[in-house]
Amino acid sequence: MSELQDENKLVALRREKLGKLRQTGVAFPNDFRRDALAAELRARYGDETAEALEETAVSVKLAGRLMGKRIMGKASFAHIQDMSGRIQIFLQRDGLAEGVYEEFKSWDIGDVIGVEGTVFRTKTGELSVKASNIRLLTKSLRPLPEKFHGLTDAETRYRQRYLDLLMNEESRRVFQLRSAIVRYIRDFLSERGFIEAETPMMQVIPGGARAKPFVTHHNALGLDLYLRIAPELYLKRLVVGGFEKVFEINRSFRNEGLSTRHNPEFTMIEFYQAYADYRDLMDLTETLMRGIAQNLLGGTVVTHQGKDYDLGRPFRRMTVLESIIHYNPDIRAEDLAERESAAAIAAGLGIPVAAGDGLGKIQTEIFEKTVEDRLDEPTFITAYPAEVSPLARRNDENPFITDRFEFFVGGRELANGFSELNDPEDQAERFRKQVEDKAAGDEEAMHYDADYIRALEYGLPPTAGEGIGIDRLVMFFTDSPSIRDVILFPHMRPES
RNA sequence: GGGCCGUUAGCUCAGUCGGUAGAGCAUUGCACUUUUAAUGCAGUGGUCAUUGGUUCGAAUCCAAUACGGCCCA
């Protein structure tokens, strides 16, 4: 059976129409130029009366996709949608050149058309364009989803995002807001003197995070390479090189499962500032979060999954240990201070404790299990154990912990920052510990990065750095329950 | 990786106790010069995810597989 016969009849019919277009001229013309967008017309003429519009009779050229068609004999209404939104067009047989109206009647919903006409207001008050000329610019062969219910099937929305964007205003809003958030962050840092950098995504030694990497292969070099799990170590090399304020917004890759919070490739911003510490970055983070809300959402209150979060109030700050005790009134500080008693608490919570796990690791796991998802209000958690923070600077008073924070809101970690470890000998020691862990079977443990140590030996100025998960940040600000709703093309298993 | 749920027309969805497959929208034809989920009349459209099993008979019951969703790890 040929592909054509096999095809849906709706498609076959449209393909026939395309065949006729090919015979009569250029089937896919690209000589139409528009001079207006739907939303611009609404903004400029939305408040003008029908009489005023009729008097000025403003001429416009619009282009967009035909999204609705109402034919009433010798007159028709239709809606076209462009990147700014929709607007109605009105056509009368006698207002168009000979035969054009009949052509229009044969066009299909989904076709891309160009319209010339004048702005007016209909009897029912809708701002519209009365067409004086109309052209088919791109024939659409496949029928769009239904006009009223639209496209709701999650799988189709993710696999065929173009349909989702075409049909769902909410989806357009999410990705427009995502773009605005990224731009805001870029401007925010640029205004503060940060330089934007692009560091390798293919790395010989994957570093900067605890995660399993993807492996790829370079044929000419005969070399396995890893897709980066974080840009961190390269950005700090740039600080060594004198880029004292530097940032990067781009993809990292982690070879782990998929969920509503994890996509194998995800976008992070990391930024580093010399002569600053983790407290400076907490302040900066607070300013940034508040700024996004105020500038892009119009106020400091963010609604996420049915709850309101006021980013206008100062964010709560507490240490890992304080938070454990706060959320677990039955756990005593003394019991968290010794490995043995802490391990007993962990065991009681069903957390598996390995022989090699130190007190810091155990504390962190108790924190993750009993506190993280309850950190609803915007909160900085500080004082993470050095054991779980192999790149962070130790606290001056208490070397067991680091000068580090994570930022949580809505029960999710959005950011991780710390004063950077710039002692090359301590860093080398911690890499060696990671290598031991890796040898003992910890697949997420870090590699020893000798070049990074060499860079530190030249001297990394005292620096603070931070990473923010852009996808999760966008989830929060766009009220999206799944990371797939904020990634244009989320990872899916191949079809069939 | 585990548990639960889903997959029926292009889209959104019904489908009772196992008895030859339904609606709305879209689409086709006709009518209609201010409609907006246009309207009226008449049509077309199906590998019921896939494979196997049970049965006289399977969209429906059973099993496996694929893909997806939610929850858990």
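Per chain, residue numbering runs from 1 following the sequence as it is written. Lettering of chains starts at A and numbering of ligands starts at 1, both following the order in which they are written. Residue-level local features of this predicted model are given only where pLDDT is at least 70; pairs of side-chain atoms are given and counted only at 80 or more, and the full residue set underlies all totals for whole chains, interfaces and linings. Only hydrogens and water are removed before side-chain values are computed, so all heavy atoms of the structure are retained for them.

**Some details on the pairing of strand S15 (residues 379-382)**
On a regular strand, each side chain points to the face opposite its neighbour's, so the side chains alternate between the two faces of the sheet.
Thought 1: Alternating residues of S15 divide into Thr379 and Ile381 and Phe380 and Thr382, and every residue in both groups is buried.
Thought 2: Relative to S15, strand S14 (residues 316-319) runs parallel, the two being bridged by four bridges. Paired with Met318 across the two strands is Ile381, which belongs to S15.
Thought 3: Across four bridges, S15 lies against strand S16 (residues 404-409) in antiparallel orientation. Paired with Thr379 across the bridge in S16 is Phe408. Burial classes: relative accessible area under 20% of the type maximum marks a residue as buried, over 50% as exposed, and values in between as partly exposed (1.4 Å probe, protein chains only). Under the DSSP-based scheme used, a helix requires at least four consecutive residues in state H or I and a strand at least two consecutive residues in state E, with every element numbered from the N terminus. Only strands that DSSP links by at least two bridges are regarded as paired with each other.

**Some remarks on the sheet that holds strand S3 (residues 85-92)**
Thought 1: The mixed closed barrel is built from five strands, whose spatial order is S1-S2-S3-S5-S4. Direction aside, neighbouring strands of the sheet carry axes that sit 55° apart on average.
Thought 2: Where S3 meets strand S5 (residues 127-138), three bridges bridge the pair, whose relative direction is parallel. Counted as the bridge partner of Gln88 is Ser128 from S5. Interaxial angle, 0 to 180 degrees, is taken between N-to-C directions of lines fitted to C-alpha atoms, where a helix line uses only the stretch in contact.

**A word on the pattern of salt bridges**
Thought 1: Any Lys or Arg side-chain nitrogen found within 4 Å of a carboxyl oxygen on Asp or Glu counts as a salt bridge. Counting across every chain of the model gives 41 salt bridges.
Thought 2: Across the salt bridge formed by Glu444 and Arg210, the nearest N and O atoms sit 3.8 Å from each other. Remark: Arg210 occurs in the loop between strand S7 (202-203) and strand S8 (215-218) and Glu444 occurs in the loop between helix H15 (424-439) and helix H16 (450-459); sequence separation between them is 234 residues.
Thought 3: Among the residues examined, Glu444 registers a relative accessible area of 30% and is labelled partly exposed.
Thought 4: Residue class for Arg210 comes out partly exposed when judged on its relative accessible area of 30%.
Thought 5: Salt bridges here are not isolated pairs; linked through shared partners, they connect Arg14, Lys17, Asp108, Asp111 and Lys139.

**Remarks on the packing of H15 against H16**
Thought 1: At their nearest, the axes of H15 and H16 sit 9 Å apart, and the two run at 165° to each other. One way to sum up the angle between H15 and H16 is to call them roughly antiparallel. Crossing of H15 against H16: the hand is right-handed. Contacts between H15 and H16 pair Pro424, Gln427, Ala428 and Phe431 from the former with Tyr452, Ile453, Leu456 and Glu457 from the latter.
Thought 2: Partitioning the contact of H15 with H16 into residue classes produces six nonpolar, one polar and one charged. Here the word oblique covers every angle except those under 35 degrees (roughly parallel), over 145 (roughly antiparallel) and from 65 to 115 (roughly perpendicular). The hand of a helix crossing depends on one turn: near helix anticlockwise from the far one by less than a right angle means left-handed, and clockwise means right-handed. Here, residues are in contact when the closest pair of their heavy atoms is within 4.5 Å. Classes in brief: Ala, Val, Leu, Ile, Met, Phe, Trp, Tyr, Cys and Pro nonpolar; Asp, Glu, Lys and Arg charged; the others, Gly included, polar.

**Description of the protein's contact with RNA strand B**
Thought 1: One heavy atom within 4 Å of a molecule or strand is enough for the residue carrying it to be called near that molecule or strand. In the vicinity of RNA strand B, 40 residues are found, and the nearest of them are Asp94, Thr124, Glu126, Lys147 and Glu155.
Thought 2: Take the atoms of RNA strand B that sit within 4 Å of the protein: sugar and phosphate atoms are 61% of them.
Thought 3: Glu155 places a side-chain nitrogen or oxygen 2.3 Å from a sugar or linking oxygen of RNA strand B.
Thought 4: At 2.9 Å from a sugar or linking oxygen of RNA strand B is found a side-chain nitrogen or oxygen belonging to Arg159. Polar contact criterion, stated in full: a pair of N or O atoms within 3.5 Å, where within protein one must be able to donate a hydrogen and the other to accept it, and residues adjacent in sequence count only if both atoms are side-chain atoms.

**With respect to helix H13 (residues 339-348)**
Thought 1: The set of residues buried in H13 consists of Ala342, Ala343, Ile345 and Ala346. Projected onto a plane normal to the axis of H13, the buried residues spread over an arc of 160° and lie on a single side. Opposite its buried face, H13 presents the exposed residues Glu340, Ala344, Ala347 and Gly348, each directed more than 90 degrees away.
Thought 2: Of the surrounding elements, those touching the buried residues of H13 are helix H12 (333-337) and helix H14 (359-370).
Thought 3: Immediately beyond the C-terminal end of H13, within one or two residues, lies Gly350, with a positive phi of roughly 80°. Here the arc refers to the set of directions running from the helix axis out to each C-beta atom.

**Some points on the confidence of the model for chain A**
Thought 1: When pLDDT is averaged along chain A, the result is 95; 98% of the residues meet or exceed 70.
Thought 2: Counting interchain partners and residues more than four positions distant, the pLDDT-below-50 stretch residues 1-6 has two contacts.
Thought 3: Confidence metrics for the complex model read pTM 0.95 and ipTM 0.92. The pLDDT value tells you how sure the predictor is about a given residue, anywhere from 0 up to 100.

**Notes on the UniProt feature "binding site: Mg(2+) 2" (unreviewed entry) in chain A**
Thought 1: UniProt positions are given in the numbering used here, feature names are shortened, and annotations may be inferred rather than shown by experiment. UniProt feature "binding site: Mg(2+) 2" (unreviewed entry): in the numbering of this structure it lies at Glu413.
Thought 2: Note that Glu413 resides in strand S17 (residues 412-419).
Thought 3: Assessed through its relative accessible area of 27%, Glu413 is described here as partly exposed.
Thought 4: Once residues within four sequence positions are removed from consideration, Glu413 is found in contact with Glu406, Phe407, Phe408 and Arg472.

**Thoughts on the packing of aromatic side chains**
Thought 1: Only Phe, Tyr and Trp rings take part, Trp by its six-membered ring, and two of them pair if their centres are within 6.5 Å. Stacked means planes under 30 degrees apart, edge-to-face means over 60, and tilted covers everything else. Under the definition given, this model contains 16 aromatic pairs.
Thought 2: Pairing Phe367 with Phe408 gives two aromatic rings, centres 5.9 Å apart and planes at 75°, and the pair type is edge-to-face. Of this pair, Phe367 sits in helix H14 while Phe408 is found in strand S16, placing the two residues 41 residues apart along the sequence.
Thought 3: An aromatic cluster of at least three residues, connected via ring pairs, comprises Phe315, Phe380, Phe405 and Phe407.
Thought 4: In this structure, Lys69 packs its charged tip against the face of Phe104, placed 5.7 Å from the ring centre. The rule is short: NZ of Lys or CZ of Arg within 6 Å of the ring centre and within 35 degrees of the ring normal puts a charge over the ring.

**Focus on the domain arrangement of chain A**
Thought 1: In this document the domain limits rely on a domain assignment from an automatic tool or a database. Partitioning chain A into structural domains gives domain 1 (1-144) and domain 2 (166-315 + 377-485).
Thought 2: Each of domain 1 and domain 2 was reduced to a C-alpha centroid, and the two centroids are 47 Å apart.
Thought 3: Reported buried area values correspond to the accessible surface (1.4 Å probe) lost by two parts on association, with both partners' losses combined. Summing both sides of the interface, domain 1 and domain 2 together bury roughly 370 Å²; the carbon and sulfur share of this comes to 57%.
Thought 4: Joining domain 1 to domain 2, the criterion identifies zero salt bridges.
Thought 5: Viewed at the interface, domain 2 and domain 1 are joined by one residue pair in polar contact (both at pLDDT 80 or more).
Thought 6: Within the side of domain 1 that touches domain 2, the residues separate by chemical class into three nonpolar, one polar and one charged.

**Quick look at the nonpolar core**
Thought 1: Among buried residues, those of type Ala, Val, Leu, Ile, Met, Phe, Trp, Tyr and Cys that are joined through side-chain atoms within 4.5 Å constitute a nonpolar core. Ile185, Leu189, Ile269, Phe271, Leu473 and Phe477 are the most contacted members of the largest nonpolar core, which has 44 residues in total.
Thought 2: If you list the elements that add at least two residues to this core, you get helix H8 (169-191), strand S10 (245-253), strand S11 (265-274), helix H10 (278-297), S16, S17, strand S18 (463-469) and helix H17 (470-478).
Thought 3: Core analysis: the second largest hydrophobic core is formed by 26 residues, Ala36, Leu53, Ala78 and Leu136 among them.

**A look at the sheet that holds S11**
Thought 1: Read across the sheet, eight strands follow the order S6-S10-S11-S18-S17-S16-S15-S14 without closing on themselves; strand pairing throughout is mixed. This sheet does not close on itself; its edge strands, each paired only once, are strand S6 (195-196) and S14.
Thought 2: Against the sheet, H17 makes contact with S11, S16, S17 and S18, and its axis sits at roughly 60° relative to S18, the strand it touches most.

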